[in-house]
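# Residue-level structural notes
These are the residues of each chain, in order.
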Amino acid sequence: MKKDMTSGPEWAVILSFSLPIMGANLLQVLYNFADSVIVGNFIGPAALGAVGLTNSMTWLLVAFCSALGAGANIAAAQFFGAGKDTEIKETIAASYLMAAALSAALTLLCVLAARPVIDGFLKAPQEMSADSRAYFLIYSGGIVFQLLYNVTYGILRAHGDSRGALYFLLISAFVNIALDCLFILVFQMGVPGAALATVIAQAGSAIASMLYLRKQFPDLLPGLRCLSAWKKQTWLLTRLSVPIILQSTVTSFGFIILQRLINSFGTPSIEGYSAMMRIEQLAHIPSQSLNVALSSFTGQNIGAGKTERAKKGCRSAIAMGVLTSAAISALVLLFDDPLLGLFHITGESLRRGREHLDILMLFIWTNTIMNITCGFLQGAGDVKIPAASGFVNLGIRLSLSYLLAATPVGFRCYYVSMPPAWCISCLLVVWHYRSGKWKEYCIVKKGNAS
């Protein structure tokens, strides 16, 4: 069912739209969380470190897929707000064509880069190297499913449907956890079993999402004639997606460099960072969900010419996000040791993970404001400043980490560098929002909306 977000109380519309997204994101993080708990407890801490070592690389793949989905969402939402049905179908056709081409290119690149990056650049410890390569190569085989899912999910969100993803990922989470237990506990497949379970679950959510789109929105399915506009719509999607992809690519390579620095401090840092990352993913769910919800809300309202309503929605989303982040921070600070202990890490690994997690929780509100404001800007069609903020964030974090690594700060360098990076990036994004320059990037110009 299509949902018009151009009327009703702004906070209520955004909250009701974001709750299923939060549920879907929670499920996605939880089945990654379950992967880590099962791997850490039933294979061993070294196996958990091997999987964690590939985090920056798998995050890059996820970011590529999310960027294409975000581009499809921005374009379709503004066209929906303006009532341009033909352009919506053309956008959908071009999105799936781009997904097919991108999946082939990324899969080939992953196969070629796995050994040089993991063994050469990241200098994976010998006891983790083989498992890291196996996990990454199997995981990269599921790129096509991630791209198809993200494009479909972007189209559904643009039309006000955020519940579909909750259904898809509910099925996917149960499949993933069940297959984890089967492949690791019964078949003794080790780390490759965890990767295979993830890929099969991703395939299930991709197929389910496309069947859902076909059943619930049959009028959105593009015909062959929609392919005639593939050049125009591909260019539009490229303009919207490439800055997000560039940001994600640079950020991911930056985190690969950061992971190399973390690796240089030994196994305790690798294991502590890997466990901490899983908790961090949970803590960011509210702001990420509000980012996605606000992007669709903003797209529809700006497409319909309701700019002031879009701005009110942004302020409401930030208020909800900061309050939620404060509550999560308090809980995590109280229960940091038990949460990290779920991953079967102890001693120095636990201490380093706890220190990192606690500092992150004290400053997460700055990242929440930045993330939600970026959702507004992207929904408005202004994708350059959110990308620039990512470059600034990464540049500060990497520079400080490497500068501090040689000082008495030592292994703490990679988490001490985080607060200033978040604060400065947040100020950049908020300043741009207040300047109003984002109004120049509307896809549907005034006078063209029907």
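Residues numbered from 1 in each chain as written. Predicted model: local features only at pLDDT ≥ 70, side-chain atom pairs only at ≥ 80, totals over all residues. Heavy atoms only, no water.

### A short note on the overall build of the protein chain
Scanning the protein chain for helices and strands turns up 17 helices and zero strands. By principal-axis analysis of the C-alpha atoms, the protein chain measures approximately 65 × 45 × 35 Å. The contacts in the protein chain between residues at least 6 apart in sequence include a share of 85% that link residues at least 24 apart. When the accessible surface of the protein chain is summed, it comes to about 17,700 Å², and 69% of that surface belongs to carbon and sulfur atoms. (Helix = DSSP H or I, 4+ residues; strand = E, 2+ residues; numbered from the N terminus. Contact = heavy atoms within 4.5 Å. Areas by Shrake-Rupley, 256 points an atom, 1.4 Å probe, with all protein chains shown as cover.)

### With respect to the nonpolar core
The biggest cluster of nonpolar side chains holds 128 residues, and the ones touching the most others in it are I14, L294, L340 and F376. Those residues in contact with F376 that lie beyond four places of it in its chain are L294, T298, A310, K311, C314, Y433 and W438. (Core = buried A, V, L, I, M, F, W, Y, C linked by side-chain atoms within 4.5 Å. Buried < 20%, exposed > 50% of the residue type's maximum accessible area, 1.4 Å probe, protein only.)

### Section: the environment of R260
Position of R260 among the secondary structure elements: in helix α9 (residues 230-263). Aside from chain neighbours lying at most four places away, what touches R260 is F121, L122 and K123. Within the structure, R260 has its side chain in polar contact with the backbone oxygen of F121 (distance 3.0 Å). (Polar contact = N/O pair within 3.5 Å; in protein donor to acceptor, adjacent residues only side chain to side chain.)

### Observations concerning the packing of aromatic side chains
Considering all chains together, one arrives at 11 aromatic pairs under this definition. Taking the centre distance of 5.3 Å and the plane angle of 75° together, the rings of F168 and Y212 count as edge-to-face. With F168 in helix α7 (residues 163-186) and Y212 in helix α8 (residues 191-216), this residue pair connects regions lying 44 residues apart in the sequence. Judged by centre distance (5.1 Å) and plane angle (85°), the rings of F376 and Y433 are edge-to-face. Here F376, found in helix α14 (residues 347-379), pairs with Y433, found in helix α17 (residues 418-435); they are 57 residues apart in sequence, far enough to count as distant. In this structure an aromatic cluster arises from ring pairing among Y149, Y153, F168 and Y212. (Phe/Tyr/Trp six-rings, centres within 6.5 Å; stacked < 30°, edge-to-face > 60°.)

### Section: the pattern of salt bridges
What the rule picks out here adds up to nine salt bridges. Two residues, R115 and D119, come together in a salt bridge whose shortest N-O distance is 3.6 Å. A residue pair is termed a helical-turn pair when its members lie 3 or 4 positions apart in one helix, as R115 and D119 do in helix α4 (residues 85-121) at four residues. Classification of D119 by relative accessible area gives partly exposed; the value is 26%. Taking the shortest distance from any N to any O, the salt bridge between R351 and E355 comes out at 3.0 Å. Here E355 and R351 lie together in helix α14, a separation of four residues that amounts to about one turn. The class for R351 is partly exposed, based on a relative accessible area of 27%. (Salt bridge = Lys/Arg side-chain N within 4 Å of Asp/Glu carboxyl O.)

### Observations concerning a nonpolar patch on the surface
Residues F42, I43, I171, V175, L182, L185, V186, F187, M189, L196 and I200 make up a contiguous nonpolar surface patch of about 910 Å² in total accessible area. Where the nonpolar patch is concerned, the elements lending two or more residues are α7 and α8. In terms of residue count, α7 provides more of the nonpolar patch than any other element does, five residues in total. Its location among the elements puts I171 in helix α7. (Patch = residues over 30% accessible without salt bridge, like charges linked within 9 Å, V, L, I, M, F, W, Y side chains within 5 Å.)

### Notes on the side chain of S103
If you trace the backbone, S103 turns up in helix α4. Take S103: its relative accessible area is 7%, and that puts it in the buried class.

### Some thoughts on the packing of helix α10 (residues 267-283) against α14
Running from N to C, α10 and α14 cross one another at 35°; their axes reach a closest spacing of 7 Å. In terms of crossing hand, the pair formed by α10 and α14 is right-handed. Contacts from T267, P268, S269, E271, G272, Y273, M276, I279, E280 and A283 of α10 reach α14 at E348, S349, R352, G353, H356, L357, L360, M361 and I364. Of the residues that constitute the contact of α10 with α14, the class distribution is nine nonpolar, six polar and four charged. (Axes fitted to C-alpha atoms, helices over the stretch in contact; angles between N-to-C directions. Left-handed = near helix turned anticlockwise from the far one by under 90°. Nonpolar A, V, L, I, M, F, W, Y, C, P; charged D, E, K, R; others polar.)

### Brief notes about helix α6 (residues 143-158)
Counted at 1.5 Å a residue, the expected span for α6 with its 16 residues is 22 Å, and the 23 Å between its end C-alpha atoms agrees. α6 sits mainly inside the fold: 13 of its 16 residues count as buried. Just downstream of α6, G160 is the residue with a positive phi angle, here 80°. (Expected span 1.5 Å × (residues − 1).)

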